[in-house]
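Residue-level structure breakdown
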Amino acid sequence: MDDQTPRPPSRRTVLRTTAGAGLAITAASGQTAQAATGSAPAVTPQAPAVPKRRGATMAGVPFQGRSTVRIGIIGLGNRGGGMIGNFLALPWVQVVALCDPVREKAAKAARAVTASGRPAPTLYTHGEEDYANLCARTDLDFVYAATPWDTHFAIARTAMQNGKHVGVECPIALELDQLWELVDLSEQTRRHCMQLENCCYGRNEMRVLRMAHAGRFGELLHGAGAYNHDLRGLLFSPTYYEGPWRRLWHTRLRGDLYPNHGFGPVANYMDVNRGDRAVSISSFGTPSLGLAEYRAAHVPAGDPSWKETYIESDRTISMVRTAKGRLIRLEHDVSTPHPYSRINSLGGTRGVFEDYPARIYLEPDHKDDVWGDFSAYAAEFDHWLWKDHANPPGAHGGMDYIMVYRLMQCLQKGLPPDFDVYDAATWTAPVPLSHASIKANGAPQEIPDFTRGEWRRARAGVDSAKPA
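Note that the structure is predicted; figures quoted are calculated from it, not measured. (Residues numbered from 1 in each chain as written. Predicted model: local features only at pLDDT ≥ 70, side-chain atom pairs only at ≥ 80, totals over all residues. Heavy atoms only, no water.)

A word on the packing of helix α6 (residues 203-213) against helix α9 (residues 260-269)
Put simply, the rule is: To get an axis, fit a line to the C-alpha atoms, keeping to the stretch in contact for a helix; angles then go from 0 to 180 degrees between the N-to-C directions. Each helix is a run of H or I in the DSSP string that is no shorter than four residues. Each strand is a run of E no shorter than two, and both are numbered from the N terminus. In these notes the angle categories are as follows: under 35 degrees is roughly parallel, over 145 is roughly antiparallel, 65 to 115 is roughly perpendicular, and the rest is oblique. Note on convention: near helix rotated counterclockwise from far helix by under a right angle means a left-handed crossing. Clockwise means right-handed. A contact between two residues is defined here by any heavy atoms of the two lying within 4.5 Å. Nonpolar residues are Ala, Val, Leu, Ile, Met, Phe, Trp, Tyr, Cys and Pro. Charged residues are Asp, Glu, Lys and Arg, and all others, Gly as well, are polar.
It is at 8 Å that the axes of α6 and α9 come closest, and there the two elements cross at 25 degrees. Comparing their axes, α9 and α6 come out roughly parallel. The way α6 lies across α9 gives a crossing that is right-handed. Listed contacts from α9 to Glu205, Val208, Leu209, Ala212 and His213 of α6 are Pro265, Asn268 and Tyr269. In terms of residue class, the contact of α6 with α9 is built from five nonpolar, two polar and one charged.

Here we look at the sheet that holds strand β8 (residues 278-285)
The condition that has to hold: Note on pairing: two strands pair once DSSP finds at least 2 bridges between them.
In space, the eight strands of this open sheet follow the order β13-β12-β11-β7-β10-β9-β8-β14, with mixed pairing throughout. The open sheet has two free edges, formed respectively by β13 (359-362) and β14 (445-446), since each of these has just one partner strand.

Focus on the pattern of salt bridges
Two side chains with opposite charge may pair up if their charged atoms get near one another. To keep things clear, this is the line we draw: Criterion for a salt bridge: a side-chain nitrogen of Lys or Arg within 4 Å of a carboxyl oxygen of Asp or Glu. Burial status follows relative accessibility: with a 1.4 Å probe on protein chains alone, a residue under 20% of its type maximum counts as buried, one over 50% as exposed, and anything between as partly exposed.
Within the structure shown, the criterion is met by 25 salt bridges. Between aspartate 382 and arginine 207 there is a salt bridge; the shortest N-O distance is 2.8 Å. Pair noted here: aspartate 382 is in the loop between α11 (378-381) and α12 (384-388) and arginine 207 is in helix α6, with a separation of 175 residues, a long-range link. In terms of burial, aspartate 382 and arginine 207 fall into one category: buried. As a salt-bridge pair, arginine 326 and aspartate 276 come within 3.2 Å of each other at their nearest N and O atoms. Of this pair, arginine 326 sits in the loop between β9 (316-322) and β10 (327-333) while aspartate 276 sits in the loop between α9 and β8; the two residues are 50 residues apart in sequence, bridging distant segments of the chain. Here the two residues arginine 326 and aspartate 276 agree in accessibility, since each one is buried. One continuous salt-bridge network, built from bridges that share partners, spans Arg315, Arg329, Glu331 and Asp333.

Examining the packing of helix α5 (residues 176-189) against helix α14 (residues 421-428)
Closest axis-to-axis distance for the α5/α14 pair is 9 Å, and the angle between their directions is 175 degrees. As far as their axial angle goes, α14 and α5 are roughly antiparallel. Contacts from Leu179, Leu182, Val183, Ser186 and Glu187 in α5 reach Val421, Tyr422, Ala425 and Thr428 in α14. Of the residues in the contact of α5 with α14, the class split is six nonpolar, two polar and one charged.

Rendered as structure tokens:
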């Protein structure tokens, strides 16, 4: 699976908030980060107290059903441009608006829309803040954002303020106060704000999820997830990204920059926010050596990257503790040579699953310390989405399509989404908190209860029943 990169910005600048607030990276304490070549920002060691709820919970709240789902897409580069085909594969979805500061990218996506037999979408290409005009339209049901990381919060906020449901690529925001603001806005506006985590819809992940819920692993004890992906060549590529925005994150934070792919699936296995809760995180990071070493070997002298000082740990390892005492190990490494792995493991009192490669050991099925064949459980435990779409189109082994299909199905049929703003905030909280923990020599950091107590209530998630 190639990296899930949101759309790079134009050559001029990244998108800015409509309120005019700068999108420079701020620490969890709200302080402004240092320049790209400076030191890491100061971060408050502990998460803030849980604020009082200003609106009713969004847990389990269904969409309003509709025969046609009308969407707008913001960001049409690597990720957004690659995802549009999944939306167009669904006959009940209309792509009515497209936004990108680079007009050529928006125009290319518009040609794909008309080639599918749909009306030409309206293009929003007039500057970095034109996404606000897209969000203000009255004929949109859902906004999908695939832009650089530090724009996600502003776009999600603007979409909800304009009465739109919104789904955002990883991570949904970068600061704890931003995560709380999105939670509050979702509750106040009654609009869903979702982290579109496609790895939750991987075939292996969904099979493990159903096996866990069926009790095949016994009482759950531990799990692990990761984003270990050698991105050195792409981070220094002059063409893959439009500008150095993603590489510059390695000059700003030391923690886990991309926890969602690993955290989301394991959180689902353990019913985090649906019977259990992530309560703390302790993180440790190696020295930052890999990108500088790669630059010395592959990047010519005089390249602008030589002005950068990298502080992001080459490998970050975090331990998340849940209210039930379970442990989740998270890893992040995009700066050293290694095969791709999301680890994706789950263990309980009756056995364990480990991915990359997929293997399983369960009592009483297996014995003599010999791994079993995970495919033997496909017929019984494959999720209905994978049974209905055995050969899905699209990238990343079909999980992108499965995610889009299910989300659009929920919108059309008036169902609750499989995950919500509380999951988005929980899965993204390790970004600022892992940095804070590393700065504090691994001291545990509190993960806020974004649900404000709703986590105690069991409810459906990705392992939901097939609708009639």
